[in-house]
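# Descriptive structure summary
Here's the letter readout for the chains.
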Amino acid sequence: IAAGARVTLPALPGMDAPHVRSVEQCLAGDGRGAGPAIVLGGGSAACEAACYLREGGWEVTLLAPGRDVARDVEPQTRRGLTGELLRLGVRIVTGARAEAIDAGGVGYLDAAGQPAAAPAALVVVEGTLSPDDALQRGLEADGLTVFAAGDSAAPGDLAAAVHGATDLALRL
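One structure accompanies this document, and this report is about it. (Residues numbered from 1 in each chain as written. Predicted model: local features only at pLDDT ≥ 70, side-chain atom pairs only at ≥ 80, totals over all residues. Heavy atoms only, no water.)

### Description of the side chain of Ser22
Under the convention used in this document: We count a stretch as a helix when DSSP gives it H or I for four or more residues in a row; a strand needs E for two or more, and each element gets its number in order from the N terminus. Contact criterion: two residues are considered in contact whenever any of their non-hydrogen atoms come within 4.5 Å of each other.
For Ser22, the location among the structural elements is in strand S2 (residues 20-22). Sequence-distant contacts of Ser22, defined by excluding residues within four places in its chain, comprise Leu9, Val124 and Val125.

Spelled out as structure tokens, the structure:
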């Protein structure tokens, strides 16, 4: 089976606030606005959301937990995406670990572990991918042998999915 992956959002205090959106909700909306917006995450989806909001008029800060952004895409795409963030004027803060969201913005620890805060009228949160294994578990509970491929085996990039599916096909 190849049932895909599901997005899991972090369990941060304030995630249920009315000004908090997932990346998927953000990209499905119209993106226009004004004022400060914070995007939490460092993957390609967070970078896309930051660009989308900046093009819509928001003043965007990307709070990325790692030292780099867009590490989930190949180097050429990463260079293009980071170049676009810089061209648009998105402020990128790396090494930032979000601690809480409140009505005024986001509290986080900076790369040195010091408390910091960023104001936000809008907070967009990137989730993590995990295998959607509900179908697999259900079929296995019925006694069937199931082989998972793609993101339902282990979320990753396209090359990893093709490689994994090829290995699986050869084993069958």
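This is not the end of the story, as more comes after the structure.
### Focus on a nonpolar patch on the surface
Cut-off, in case you're wondering: Patch membership requires over 30% relative accessible area and the absence of a salt bridge. Like charges are linked within 9 Å, and nonpolar side chains (Val, Leu, Ile, Met, Phe, Trp, Tyr) within 5 Å. Accessible surface area values rest on a Shrake-Rupley calculation with a 1.4 Å probe, where residue burial reflects the displayed protein chains alone. A carboxyl oxygen of Asp or Glu within 4 Å of a side-chain nitrogen of Lys or Arg is what we treat as a salt bridge.
A cluster of nonpolar residues, Val7, Leu9 and Leu129, forms a patch on the protein surface that exposes about 230 Å² of accessible area. Inspection of the secondary structure puts Leu9 in the loop between strand S1 (5-8) and S2.

### Quick look at helix H2 (residues 44-55)
Put simply, the rule is: Helices are assigned an expected span. That span is 1.5 Å times one less than the residue count. Exposure categories follow from relative accessible area, calculated using a 1.4 Å probe and restricted to protein chains: below 20% of the type maximum is buried, above 50% is exposed, and the middle band is partly exposed.
The first and last C-alpha atoms of H2 sit 16 Å apart over 12 residues, in line with the 16 Å expected at 1.5 Å per residue. Among all positions of H2, only Ser44, Ala46, Cys47, Ala49, Ala50, Cys51 and Leu53 are buried. Where H2 terminates, the next one or two residues include Gly57, which has phi positive at roughly 110°.

### Comments concerning the pattern of salt bridges
Here the structure, examined in full by the defined rule, presents six salt bridges. Residue Arg54 pairs with Glu59 through a salt bridge whose shortest N-O separation is 3.6 Å. Note that Glu84 and Arg87 form a salt bridge whose closest N and O atoms lie 2.7 Å from each other. Taken together, the residues Glu84 and Arg87, both in helix H3 (residues 75-88) and three residues apart, mark about one turn of the helix. Given the relative accessible area of 23%, Glu84 is considered partly exposed. What makes Arg87 exposed here is its relative accessible area of 58%.

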